[in-house]
Amino acid sequence: MANFKVSRVETTPFEGQKPGTSGLRKKVKVFIQPHYLQNFVQATFNALGADRVEGATLVVSGDGRYYSKDAIQIITKMAAANGVRRVWIGQNGLLSTPAVSAVVRERVGADGSKATGAFILTASHNPGGPHEDFGIKYNMENGGPAPEGITNKIYENTTTINEYLIAEGLPDVDISTTGVSSFEGPKGKFDVDVFDSTSDYLKLLKSIFDFPAIQKLLSSPKFSFCYDALHGVAGVHAKRIFVEELGANESSLVNCVPKEDFGGGHPDPNLTYAKELVARMGLSKTHSEPNPPEFGAAADGDGDRNMVLGKRFFVTPSDSVAIIAANAVQAIPYFSGGLKGVARSMPTSAALDIVAKHLNLKFFEVPTGWKFFGNLMDAGMCSICGEESFGTGSDHIREKDGIWAVLAWLSILAYKNKDNLGEGNLVSVEDIVRQHWATYGRHYYTRYDYENVNADGAKDLMVHLVKLQSSIDEVNTLIKGIRSDVSNVVHADEFEYKDPVDGSVSKHQGIRYLFEDGSRLVFRLSGTGSEGATIRLYIEQYEKDSSKIGRDSQEALAPLVEVALKLSKMQEYTSRSAPTVIT
């Protein structure tokens, strides 16, 4: 058994180590500076306090992006020096963000230990590689992201830090092979447990869904399936779950070998970046696929986001969570006893609101950030939730879960087709969505992203929009001058949320313009980028008339889009004539 001692390393603060909605994200060149990662990790240990660190069991893994393997060794040595009892690492350092949450909540070590927190190494849907992005965030004992009280302490600590602790004489651990390595330090024994990345996650998913019913669907010659992991960590789980457990053909899996640079692509599951899947599903504007699969889905880099597609048909994330909620009790065993409540992020369309009203469910509108859903779930107030940014999940863990969302859709398809796999036509993804619109109405919805714009220009645009809100009459005069066929604004504000569980108040969560006919414009600065600013513009129009629910989304929204761009003076403030991404 190797012995190690603790070294105290002098350091000085770095500017800008404030965690955003999903941790700290910067370019790799920033993270590889001497002491940069170490400062943030030590600031986190200091924020947690000795009672949460000494003797703790921590998970340290991530999406496998460039610099992850080096970071895992650094964090492991710092954990040992700070008195952590054991570190759990997914084989090859790979664990999707939802799998980390499942491991924290569900896994029991051979010695009976349970995890008390996790460092997740991910920049989610951002590109990876030596010149791209890296990220780190801390999750708590409930498996969810650290609350603002902790992240604020972490940031404060980064501004004053003068030393960090690291184990001297502790060798790098072989993370490619499962097994436990034991070491001895000044405070006693320290173990590193490298374990199978999928087993605990799979066990949890099998307790939620009817795997035999899904297997029957996937084995039908009438049904075809495609899953694209975009070379992210979800590929590790996909082969085990979809092929080995559910019997899908291995040819159904696309880009499921994780790569440090995500194969040079942008691991964001949307119609812009998931080009190969979009083409295969018959939705490419330049490539015509003669026979697309019945169902397709994509993941982001760390596996917590999802995109759902039918044959030549795109399901918006806002519709997806509403449809899952509407069908969950019938189609998913975990929810057979009923839903405790549902929730969505503020920018997400109001499709879920209508379902909640019809089904008499508790409903919550929260700021962007999964921790707000986690509070509701911990209090037993919410079963299913979702964000328009391709994130959907339930109270089985405290992160959004891309593979869970895919299995939820497969469960709904299996339920709707339980009598159709022999004779008759399949009920398709498009059929399910159109029936939902016919029942609940359609929320035409789109999001425009302006990425890496000048930060000062972005702030000025938001200030301009807030000033406009002081006079609704003036806003409506401006709107009528742009488009006379757009409804009047009846309310405008900066969204503010009071958490019903802990009473905390979150301000400045996005600028809203609410229209008389149920339409909405929302403007928000995103906290998920690594440099510059990202402005997100959300445009939504509600249509109850069943004769008008079949229009092209961009065509239906064109008047509101024109109003949004001119009202905000988007081009003037950003110097951009078009968004980076439209979803």
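Residues numbered from 1 in each chain as written. Predicted model: local features only at pLDDT ≥ 70, side-chain atom pairs only at ≥ 80, totals over all residues. Heavy atoms only, no water.

Remarks on the UniProt feature "domain: Alpha-D-phosphohexomutase alpha/beta/alpha" (unreviewed entry) in the protein
Quick reminder of the rule: UniProt positions are given in the numbering used here, feature names are shortened, and annotations may be inferred rather than shown by experiment. Helical segments are the DSSP runs of H or I of at least four residues, strand segments are the runs of E of at least two, and each set is numbered from the N terminus.
Under the local residue numbering, the UniProt record ascribes the feature "domain: Alpha-D-phosphohexomutase alpha/beta/alpha" (unreviewed entry) to residues 17-163, 200-309 and 318-419. Helix makes up 38% of residues 17-163 and strand 19%, with an end-to-end C-alpha separation of 16 Å. With 46% helix and 16% strand, residues 318-419 has end C-alpha atoms that lie 29 Å from one another.

A closer look at the nonpolar core
For the record, the criterion: We define the nonpolar core as a collection of buried residues of types Ala, Val, Leu, Ile, Met, Phe, Trp, Tyr and Cys that are connected through side-chain atoms lying within 4.5 Å of one another. The buried label goes to any residue with under 20% of its type's maximum accessible area, the exposed label to any with over 50%, and the partly exposed label to all in between, with areas taken from a 1.4 Å probe on protein chains only. For this analysis, residues touch if any pair of their heavy atoms sits within 4.5 Å.
In this structure, Tyr227, Phe242, Phe295 and Leu410 are the most contacted members of the largest nonpolar core, which totals 81 residues. Here tyrosine 227 is in contact with Ala234, Ala238, Phe242, Ser252, Leu253, Val254, Cys256, Ala297, Ala299, Ile403 and Val406, once residues within four sequence places are set aside. With 46 residues, the next largest nonpolar core counts Ile72, Phe134, Ala146 and Ala167 among its residues.

As for the packing of helix α2 (residues 36-48) against helix α4 (residues 68-81)
Heads up, the condition is: Inter-axis angles, ranging from 0 to 180 degrees, are taken between N-to-C directions of lines fitted to C-alpha atoms, where helices are fitted over the stretch in contact. Every angle not falling under 35 degrees, over 145, or within 65 to 115 is termed oblique; those three ranges are roughly parallel, roughly antiparallel and roughly perpendicular. Here a crossing is called left-handed whenever its near helix is offset anticlockwise from the far helix by less than a right angle, and right-handed whenever the offset is clockwise. Residues are grouped as follows: nonpolar covers Ala, Val, Leu, Ile, Met, Phe, Trp, Tyr, Cys and Pro; charged covers Asp, Glu, Lys and Arg; every other residue, Gly included, is treated as polar.
Interaxial distance between α2 and α4 falls to 10 Å at its minimum, and their mutual angle equals 40°. When the axis of α2 is compared with that of α4, the two are oblique. Crossing angle aside, the handedness with which α2 passes α4 is right-handed. Contacts between α2 and α4 involve Leu37, Gln38, Val41, Gln42 and Phe45 on the former and, on the latter, Ala71, Ile74, Ile75, Met78 and Ala79. Here the contact of α2 with α4 is built from residues that sort into eight nonpolar, two polar and no charged.

Some remarks on helix α18 (residues 553-568)
The condition is simple: Expected span of a helix, by definition, is 1.5 Å for each gap between consecutive residues, and there is one gap fewer than residues. What we call the bend at a residue is the angle made by axes fitted to the seven residues finishing there and the seven residues starting there. Definition of a polar contact: a pair of N or O atoms within 3.5 Å, with one able to donate and the other able to accept a hydrogen when the atoms are protein atoms, and with sequence-neighbouring residues admitted only if both atoms are side-chain atoms.
The end-to-end C-alpha distance of α18 is 21 Å, a good match for the 22 Å that 16 residues give at a rise of 1.5 Å each. Of all the bends in α18, the greatest measures close to 50° and is centred on proline 559. By the burial criterion, the buried members of α18 are Ser553, Ala556, Leu557, Pro559, Leu560, Val561, Val563, Ala564, Leu567 and Ser568. The N-cap of α18, judged by a side-chain oxygen 3.2 Å from the amide nitrogen of glutamine 554 a few residues on, is aspartate 552.

A short note on the environment of glycine 16
When you line up the elements, glycine 16 lands in the loop between β2 (5-10) and β3 (24-27). The exposure class of glycine 16 is partly exposed, given its relative accessible area of 34%. Taking the C-alpha atoms as reference points, glycine 16 and lysine 77, 61 residues apart in sequence, are found 24 Å from one another. Beyond its immediate chain neighbours, meaning those up to four positions away, glycine 16 contacts Leu24, Lys26 and Tyr36.

Overview of the layout of surface pockets
How we decide: For cavity detection a 1 Å grid was placed over the protein atoms alone, and a set of points counts as a cavity when a 1.4 Å probe fits there but cannot get out; an open set counts as a pocket when protein lies on both sides within 12 Å along at least five of seven lines, with lining residues being those that have an atom within 4 Å of a point. Grid points are joined across faces, edges and corners, and a volume is the space filled by probe spheres set on the points. Where each domain starts and ends comes from a domain assignment, either automatic or drawn from a database.
Looking at the second largest pocket, its volume works out to about 810 Å³. Elements that contribute at least two residues to the lining of the second largest pocket include exactly α10 (275-280), β15 (313-315), α15 (429-440), β20 (442-453) and α18. If one sorts the elements of the lining of the second largest pocket by residue count, β20 sits on top with five residues. When its residues are assigned to classes, the lining of the second largest pocket shows 10 nonpolar, nine polar and eight charged. Structurally, the lining of the second largest pocket is a two-domain feature, drawing no fewer than three residues from each of domain 2 (201-440) and domain 3 (442-582).

Some points on the environment of glutamate 562
Here glutamate 562 shows up in helix α18. A residue is classified by how much of its surface remains accessible, and glutamate 562, at 25% relative accessible area, is partly exposed. C-alpha of glutamate 562 to C-alpha of isoleucine 482: the two residues are 80 residues apart in sequence and 7.5 Å apart in space. With sequence-adjacent residues up to four places away left out, glutamate 562 is seen in contact with Ile482 and Arg483.

Description of the domain arrangement of the protein
Structurally, the protein comprises domain 1 (2-197), domain 2 (201-440) and domain 3 (442-582). A separation of 38 Å is found between the C-alpha centroids of domain 1 and domain 3.

Here we look at the sheet that holds strand β11 (residues 225-228)
Here is the rule: For two strands to pair, DSSP has to find at least two bridges joining them.
Spatially, the five strands line up as an open sheet ordered β12-β11-β13-β14-β15, and their pairing is mixed. Bordering the open sheet on either side are β12 (253-254) and β15, each of which pairs with just one other strand. In the sheet, β11 pairs with strand β13 (residues 295-299) via four bridges, with the strands oriented parallel. Counterpart to aspartate 228 in the pairing with β13 is alanine 298.

A few points about helix α9 (residues 234-245)
With 12 residues, α9 ought to run about 16 Å at 1.5 Å a step, and its terminal C-alpha atoms sit 15 Å apart, in line with that. Among all positions in α9, only Ala234, Gly235, His237, Ala238, Ile241, Phe242 and Val243 are buried. Positioned one or two residues after α9, glycine 247 has a phi angle of 80°, which is positive.

A look at the pattern of salt bridges
Here is the rule we go by: Counted as salt bridges are all cases of a side-chain nitrogen of Lys or Arg within 4 Å of a carboxyl oxygen of Asp or Glu.
What the rule picks out here adds up to 34 salt bridges. Note that lysine 311 and glutamate 294 form a salt bridge whose closest N and O atoms lie 3.2 Å from each other. One end of the pair, lysine 311, is in the loop between β14 (306-310) and β15; the other, glutamate 294, is in the loop between α10 and β13, with 17 residues separating them in the sequence. Residue lysine 311 is classed as partly exposed on the basis of its relative accessible area of 29%. Notably, a salt bridge pairs aspartate 353 with arginine 344, separated by 2.6 Å at the nearest N-O pair. Across the pair, exposure class does not vary: aspartate 353 and arginine 344 are buried alike. Members of the salt-bridge network, linked through shared partners, are Arg344, Asp353, Glu365, Asp493, Arg512, Arg520 and Glu540.

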